[in-house]
Amino acid sequence: MASVSDMYDVTWEEMRDKLRKWREENYRNSEQIVEVGEELIQEHASKLGDDIWIIYEQVMIAALDCSRDDLATTCLHELQKQFQGSHRVKRLAGMRLEALERYDEALKMYNDILQDDSTNTAARKRKIAILKAQGKSTEAIRELNEYLEQFVGDQEAWHELAELYINEHDYAKAAFSLEELMMTNPHNHLYCEQYAEVKYTQGGIENLELSRKYFAQALKLNNRNMRALFGLYMSASHIGASPKASAKVKKDNVKYAAWAASQINRAYQLAGHGTKETKCSLKAVEEMLESMQIMPS
Amino acid sequence: MTVIKLTTQAYCKMLLHAAKYPHCAVNGLLVAENQKRKDGQPVLCVDCVPLFHGTLALAPMMEIALTLIDTWCKENKYVIAGYYQANERIKETRPNQFAEKVAARIAENFSEAALIMVDNSNISMGCYDPAISVFEHHDNKWKCRDASIDCCEDWSEAQKIMSALLEDRSYDSLIDFDNHLDDLRNDWTNPEINKSILYLC
């Protein structure tokens, strides 16, 4: 079996840097992490210095994702030897038990941590993750809400809550969670865009108008966000065709939709570069937009 | 009741999508050739368009995808004939409200539309069993079809090819509609994977 460094012609430093990039940007490409990380640990451990501990942690979690309990246990043992009694390592031991579906034992580990340190957010979040894994969405939502009352600034948790609500089709509460995120991150185009999608899904003319405004806002924050552009087109088109909208509102929205359509066409033209496959895409988009054009009344 | 069957290409691309995002829910559409069928002839889904991964239950991108793919279908004399979904949790095999809504919308246009749920626990390197459950629309409800009915046009071929694709990690290069929205140059018709499957046939 060829090594990663042979197959891709990379040095161990490049492998270490890639791992760091994936760690910092929170990628979940576990198969790749295991491939690169395992080789780094086995062949180059001595060169890594203190980096090795955080790499053990990263590789261990990725190994759990890939059902590589052998690799996960190896990493865990190294960490346990080095950091005896550490809560951070204990949480990793708990995660391994979760991966093996030994939820009761995992819960005991997390409860032990919390008894020692009731403010340990990682252990609390793992307990909620267990509820999610067991399909107990209502309890997970309830626990997460309680957690957020105490830790109001935890962005990751607010986003998790929004997603749990969306999966339960409780769009109103999902919108509320996303509003919290938008307030603390006004420049994040992704939260804006997802909020707009939730409003659109809720439906009704007022929500559609809000959705259009937030798609527009997301586009202002990042003019390359295709979802925001498509969303703007869809919401404006629907309002423009709605019997409940006044003549002026309809006229304005038809204009917005037409603008969005031309921008979408332009984006596809730019992406096209004349390849045969993207020509199909471009044609399909053009036809779709044509068929949906609303004639101004 | 008309039976739905999948070609190897449709079955494989659907499962590759699930394999690419093991930690997420995924969904997509199945398309069939738009032609008059004789009584009793099964609906053959010839291709699959992987749509989204992660948070599925939001309307706007789904509407865009349905409209765009519908247009593409008309160009290629296809029709959208089904919807598939793989849930996030391995033990969760029932369709949720969103899945039923999308499938019902498809059924408005194609009365024999099928709703296919991927059975995550049956996805393995050896592909011993078909990893899907087919739901059909009866009396306004979606009922699970008898698992003994063969879901693939040629199961042994599908099994062999699926296994080979998983070994090769072909799912790394599968493009879904989400990937397309991230970068318009990504092609959701997956011509390279289609070629690989044809080559393995």
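Because the structure is a prediction, the values reported are computed rather than measured.

Parameters and conventions
Residues numbered from 1 in each chain as written. Chains lettered and ligands numbered in written order. Predicted model: local features only at pLDDT ≥ 70, side-chain atom pairs only at ≥ 80, totals over all residues. Heavy atoms only, no water. Pairing = 2+ DSSP bridges. Helix = DSSP H or I, 4+ residues; strand = E, 2+ residues; numbered from the N terminus. Axes fitted to C-alpha atoms, helices over the stretch in contact; angles between N-to-C directions. Contact = heavy atoms within 4.5 Å. Buried < 20%, exposed > 50% of the residue type's maximum accessible area, 1.4 Å probe, protein only. Right-handed = clockwise from strand over helix to strand, strands pointing away. Patch = residues over 30% accessible without salt bridge, like charges linked within 9 Å, V, L, I, M, F, W, Y side chains within 5 Å. Areas by Shrake-Rupley, 256 points an atom, 1.4 Å probe, with all protein chains shown as cover. Salt bridge = Lys/Arg side-chain N within 4 Å of Asp/Glu carboxyl O. Lys, Arg positive; Asp, Glu negative; His and termini not counted. Charge placed at Lys NZ, Arg CZ, Asp CG, Glu CD. Parallel < 35°, antiparallel > 145°, perpendicular 65-115°, else oblique. Left-handed = near helix turned anticlockwise from the far one by under 90°. Buried area = accessible area lost by both parts, 1.4 Å probe. Polar contact = N/O pair within 3.5 Å; in protein donor to acceptor, adjacent residues only side chain to side chain.

*Asks:* How should I be thinking about the sheet that holds strand β6 (residues 132-138) of chain B in this particular structure?
*Replies:* Whether parallel or antiparallel, the strands of a sheet pair through hydrogen bonds between backbone atoms. Residues and elements named next belong to chain B. Strand order in the open sheet formed by seven strands is β1-β3-β2-β4-β5-β6-β7, with mixed pairing between adjacent strands. For this open sheet the edge positions go to β1 (4-6) and β7 (141-144), each flanked by a neighbour on one side alone. For this sheet, the mean inter-axis angle between neighbouring strands, taken without regard to orientation, is 35 degrees. Note that strand β2 (residues 26-33) and strand β4 (residues 78-86) share eight bridges and pair antiparallel. Looking at the pairing, L30 lines up with G82 of β4. Against the sheet, helix α1 (residues 8-20) contacts β1, β2, β3 (43-53), β4, β5 (114-118) and β6, and its axis sits at roughly 20 degrees relative to β3.

*Asks:* Looking at this model, I keep getting lost on the pairing of β4(B). Mind explaining?
*Replies:* Working note: regular strand, side chains alternate between the two faces of the sheet. Residues and elements named next belong to chain B. Judged by how many residues are buried, β4 sits mostly within the fold: eight of nine residues are covered. One ladder, built from four bridges, connects β4 with β5; its direction is parallel. What sits directly across from Q85, in β5, is M117. A crossover connection joins β4 to the parallel β5 through helix α3 (residues 97-109); in handedness this β-α-β unit is right-handed.

*Asks:* How should I be thinking about a negative patch on the surface in this particular structure?
*Replies:* All names here are of chain A. On the surface, a cluster of negative charge is made up of D6, D9, E13 and E14. For D6, the position within the fold is in helix α1 (residues 4-8). On the accessibility criterion, D6 (59% relative accessible area) is exposed.

*Asks:* Please explain the side chain of A:E197 as it appears in this structure.
*Replies:* With respect to the element layout, A:E197 can be found in helix α12 (residues 189-202). Buried within the structure, A:E197 lacks any salt-bridge partner; A:R227 is the closest side chain of opposite charge, at an N-O distance of 5.0 Å. Among all residues touching A:E197, those that are not within four sequence positions of it are A:F215, A:R227, B:L58, B:P60 and B:M61.

*Asks:* In this structure, what is going on with the packing of helix α2 (residues 12-24) of chain A against helix α4 (residues 51-65) of chain A? I would like to understand it.
*Replies:* When two helices pack together, their arrangement is given by the angle between their axes and by how far apart the axes lie. All names here are of chain A. Where α2 contacts α4, the axes come no closer than 11 Å and their chain directions differ by 60 degrees. Viewed along their axes, α2 and α4 adopt a mutual orientation that is oblique. Where α2 crosses over α4, the handedness of that crossing is left-handed. Contacts from R16, L19, R20, W22 and R23 in α2 reach D51, I54, I55 and Q58 in α4.

*Asks:* Quick question: what am I supposed to make of the interface of chain B and chain A here?
*Replies:* Interface size is commonly expressed as the accessible area that is lost once the parts come together. Contacts between the two partners involve 31 residues from chain B, matched on the other side by 40 residues from chain A. Taken together, the two surfaces of chain B and chain A that pack against each other cover about 3,200 Å², and 60% of this comes from carbon and sulfur. Summed over the three residues of chain B that lose the most area to chain A, namely B:L58, B:I64 and B:L184, the buried surface amounts to 18% of that side. Here chain B is connected to chain A by six salt bridges. In this structure, A:K132 engages B:E88 in a salt bridge whose closest nitrogen and oxygen atoms are separated by 3.6 Å. Linking chain B with chain A are eleven residue pairs in polar contact (both at pLDDT 80 or more). Residue contributions to the side of chain B that touches chain A peak at ten residues, all from helix α2 (residues 59-75) of chain B.

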